[in-house]
Structures are given as structure tokens and as C-alpha cells.
Amino acid sequence: MAEVKKVQRGGRNNSQVTNVQGTYRGQSVVIVQDSSPSAIQLASNIAGLEATKQKLREPLLRRYIVSKKVFREKEKILITYTERLGQGKQSRHYKEVYADLSRQRYKPEYQNEENQDALRDILLYKVAENFGEVTEQDNILEYALATHTLERETLEVEIAQVKKMIDFFSNPPIHTINVGFTNSERMRWTEKLSALEDSLQRSDAFKTQLLRARELLQKTHKKEIRDGYNLIPKAAAILNQQYGDGSAPESAVSFAATYRDEVLGMTNPLDVFETFIRRQEKKRESFRPYIDSMIALFGIDMASSNPSRSKEELRHVRDGLFRIEICGQIYDNVGILGRNIRHMFSTPSNQPK
């Protein structure tokens, strides 16, 4: 006959432990049934067990992972600053330049206070190396600052999470985790925190130099940069209207820069025409498309709610464009006459001289 009985006694944390003991068909029976742990204790135990099993794998927080939210925010920033100058097709180039600028913060020679001007100058050099127009250079610096701000906020969140993990592994009795395992994990998270805080310090120094680089650029080219942001969207609208298929011979940036530097900045129309002639010898550029595009951009500029110059200044520009157009017509007519004369007096190859 079976002689099995249950014995209940108080367990750990005031839980009830049930022992089943005795004999059944001549065999000894001993079963200890403990109450189920709480959900927090169970999750903690499982986390420790899983982490122990995964020792050979790279720890998750040592892998470079960008959350979907951060990725989307970065893409929004990129779109904002590339479309600002009609440079959507240069998105990849913007990312590459920012990555190159960001790497400068890790160079040891720029960690000393006396080398801070050198870091600022090399940032400006790399920006100018990749973007030839000052408005583009200012725009990429603005993009770098906006992206850096987002990355710094992400870094602060990660530091807060790491501190929570250190606190978690600093109290093994409360979380019922193996003491040896918690010590190694706490050391790992402490090292992670030190690395993140070092990155935060370098990040702040990098932002300081970005701000200094932008300040120096705007101080040196304030008027050109302001005109660029005003004129480039207008130039992009003209090119999109004339070359909707994307076959425009030049970018909106170069178109606006030419109008700004040659037309708005002219003191003598003949000087503008002479500049075009010198450029034409190298580029084989036709005068008619050039003057037509300058007149079109002038018309949009003058009619816009934010003209680049005062009405009086734009009237002088209009008069200058008229004189340049007359010079161009004379130049074209003389060119046609010259070609006709050469054709008339040239000796055909099939006739004896």
C-alpha cells in the first residue's frame, strides 16, 4: 500500500513549500514543489542564464545599431538640407562628407587646446574641398550641426540606459542574480560607460569646432552666403521649368553663383561681357543661352517677395543686362560676318590655287 504524504512549511520570502515524500509500490518517493517565482525574478534569472549561454557571441550593446526612429530622423535632416539647395541627388555625398568631418574628432593631435584652430581650419578645408561654392559650404556645416545634435541626444539616452544597467548589476541580492556573473557584467557596463562619456566629451569638442568653422565662414562670406540662399531656389525653379528631364547643362548652385557674381556684382556691363568672352574660349559657351538665362533669373528675382537687391539696384542691373544683350548681338553679328567672309574668300580644296 502506498504511504505518501504531503508536508507544507514556510519557504523563502514567506512562500509555501510543499514536500511530497513516502513510498509507492516499494519505491521511495521524494518531490519538493516550490512556489513559482515572481515575473521579475523569473525574467532576471532567464536573463542571467541567456547571457551565460551567449558568452561566445558579441554582446548586443557592443554592436553598432541605429534604431529606426533615429534613422528616420537622420533622413529627414538630410532631405531638409539637400533640398534646400536643390541637391537631392547629392544625398550620399553629404553623408560621406559628414562622416569625414566627424572622424576628425578622434585624431589625437586635435585633443590639445593649442590645436583647436587647426581642427577648425581642417574642417573648413575639407568642406571647401568637396563643395566649391560658399553657400554649399555653409549648408553642409548646418547639416553637420543638425545631425550632430541628433547623435548627441542619442548618446545621452544610451548613457542613461548604461547607468541603469550598472545599477541593476550592482544589487545582485535584490535581483537574485549570481554574484560572480553580476561582477563581470558590472565591470563590462562600467567600461561601456567610460567609453560613452569619452565619446560625449569628444562630441562636444567637435560641435564647438563646427560652430567656429561656420562662424568664420559666415564672417568672411556673409553677403555671398545670404545671396546664395536667396537665389539658388529661384535658379532651381528656372532650370526645372526649362529642363524638366534633368538635362540642364549646369546646376542651380552654379547658375545662381554666376548671376550673383557677374550680373548683380557688375559695375560695367562691358566687364561682364568680357568675362563671358574669356570663359567662352575655354567652355565654348554660346552667348544667347547665357544672356537668356540671366534675364530669366533676373525677372524672377525682381518679381519675388524677397528680391536680392533693392528696387533701385535692380533697375541698374536691368539696364546693364540690356547693354550686355546689345553687345552680344553685335558680337554674334560680327562673328557671322567673319564666317561669311572666310567662306567667300576661302579656296576650295578641289581647285588649284
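Note that this is a predicted model, so its numbers are computed, not measured.

Thresholds, definitions, all that
Residues numbered from 1 in each chain as written. Predicted model: local features only at pLDDT ≥ 70, side-chain atom pairs only at ≥ 80, totals over all residues. Heavy atoms only, no water. Salt bridge = Lys/Arg side-chain N within 4 Å of Asp/Glu carboxyl O. Helix = DSSP H or I, 4+ residues; strand = E, 2+ residues; numbered from the N terminus. Buried < 20%, exposed > 50% of the residue type's maximum accessible area, 1.4 Å probe, protein only. Phe/Tyr/Trp six-rings, centres within 6.5 Å; stacked < 30°, edge-to-face > 60°. Lys NZ or Arg CZ within 6 Å of the ring centre and 35° of its normal. Polar contact = N/O pair within 3.5 Å; in protein donor to acceptor, adjacent residues only side chain to side chain. Contact = heavy atoms within 4.5 Å. Core = buried A, V, L, I, M, F, W, Y, C linked by side-chain atoms within 4.5 Å. Expected span 1.5 Å × (residues − 1). Arc of directions from axis to C-beta. Axes fitted to C-alpha atoms, helices over the stretch in contact; angles between N-to-C directions. Parallel < 35°, antiparallel > 145°, perpendicular 65-115°, else oblique. Left-handed = near helix turned anticlockwise from the far one by under 90°. Nonpolar A, V, L, I, M, F, W, Y, C, P; charged D, E, K, R; others polar.

Student: Would you explain the pattern of salt bridges in this entry?
Tutor: Pairing between side chains of opposite charge can happen when the charged atoms of each approach one another. If you walk through the whole model with that rule in mind, you get 23 salt bridges. Notably, a salt bridge pairs Arg103 with Asp100, separated by 3.5 Å at the nearest N-O pair. On the criterion of helical spacing, the pair formed by Arg103 and Asp100 is a turn pair, its members being 3 residues apart in helix α3 (residues 91-103). Sharing partners across several salt bridges, the network here consists of Asp117, Arg120, Asp121 and Arg212.

Student: Help me out: how do you make sense of the environment of Thr267 in this one?
Tutor: Turning to its location among the elements, Thr267 is positioned in the loop between α9 (252-264) and α10 (269-283). Taking relative accessible area as the criterion, Thr267 reaches 77% and is therefore assigned exposed.

Student: Teacher, can you tell me more about the packing of aromatic side chains here?
Tutor: Summed over the entire model, instances satisfying the criterion amount to 5 aromatic pairs. Here the aromatic rings of Tyr98 and Tyr143 are separated by 6.0 Å at their centres, their planes lie at 75 degrees, and the arrangement is edge-to-face. Taken as a pair, Tyr98 in helix α3 and Tyr143 in helix α5 (residues 134-169) lie far apart in primary sequence, 45 residues in all. Accessibility classification places Tyr98 together with Tyr143 in one group, the buried group. By way of ring pairs, the aromatic residues Tyr81, Tyr94, Tyr98, Phe131 and Tyr143 are connected into one cluster. Sitting over the ring of Trp189, Arg188 keeps its end group 4.9 Å from the ring centre.

Student: So what exactly am I meant to see when it comes to the side chain of Glu262 here?
Tutor: Position of Glu262 among the secondary structure elements: in helix α9. Looking at Glu262, its side chain comes within polar contact range of the side chain of Tyr290, at 2.6 Å. Setting aside residues up to four positions removed in sequence, Glu262 forms contacts with Val272, Thr275, Arg279 and Tyr290.

Student: Got a minute to help me understand the nonpolar core in this structure?
Tutor: One recurring pattern in soluble globular proteins: nonpolar side chains tend to sit buried together. Ranked by size, the top nonpolar core spans 55 residues in total, and within it Tyr143 and Tyr259 carry the most contacts. Non-local contacts of Tyr143, meaning those with residues more than four positions away in its chain, are made with Ile77, Leu78, Tyr81, Tyr94, Lys95 and Tyr98. If you look at the next biggest cluster of nonpolar residues, it comprises 10 residues, including Leu155, Val162, Ile166 and Trp189.

Student: Please explain the environment of Phe322 as it appears in this structure.
Tutor: Checked against the element boundaries, Phe322 lands in helix α12 (residues 311-345). For the pair Phe322 and Pro269, spaced 53 residues apart in sequence, the C-alpha separation works out to 8.9 Å.

Student: Even after reading the chapter, I still don't get helix α2 (residues 68-83), so can you show me in this structure?
Tutor: Since the α-helix advances by 3.6 residues per turn, residues separated by three or four positions end up pointing in the same direction. A rise of 1.5 Å per residue sets the reference length of α2, with its 16 residues, at 22 Å; its end C-alpha atoms lie 22 Å apart and thus fit the reference within 8%. All buried positions along α2 are accounted for by Val70, Lys74, Ile77, Leu78, Tyr81 and Thr82. Down the axis of α2, the sector holding all buried residues measures 120 degrees, keeping them to one side. In α2, the exposed positions that point more than 90 degrees away from the buried face belong to Lys68, Lys69 and Lys76. The inward-facing, buried residues of α2 contact α3 and α5.

Student: Sorry if this is basic, but what is going on with the packing of helix α8 (residues 222-242) against α9 here?
Tutor: Any two packed helices are characterised by the angle at which their axes cross and by the distance between the axes. Packing of α8 against α9 brings their axes to within 8 Å, and their N-to-C directions diverge by 120 degrees. Taken together, the axes of α8 and α9 lie oblique to each other. Once α8 is placed against α9, the crossing between them reads as right-handed. On α9, the residues touching Glu224, Asp227, Gly228, Leu231, Ile232, Ala235, Ala236, Ile238 and Leu239 of α8 are Ala252, Val253, Phe255, Ala256, Tyr259, Arg260 and Leu264. Across the contact of α8 with α9, the residue classes tally to 12 nonpolar, 1 polar and 3 charged.

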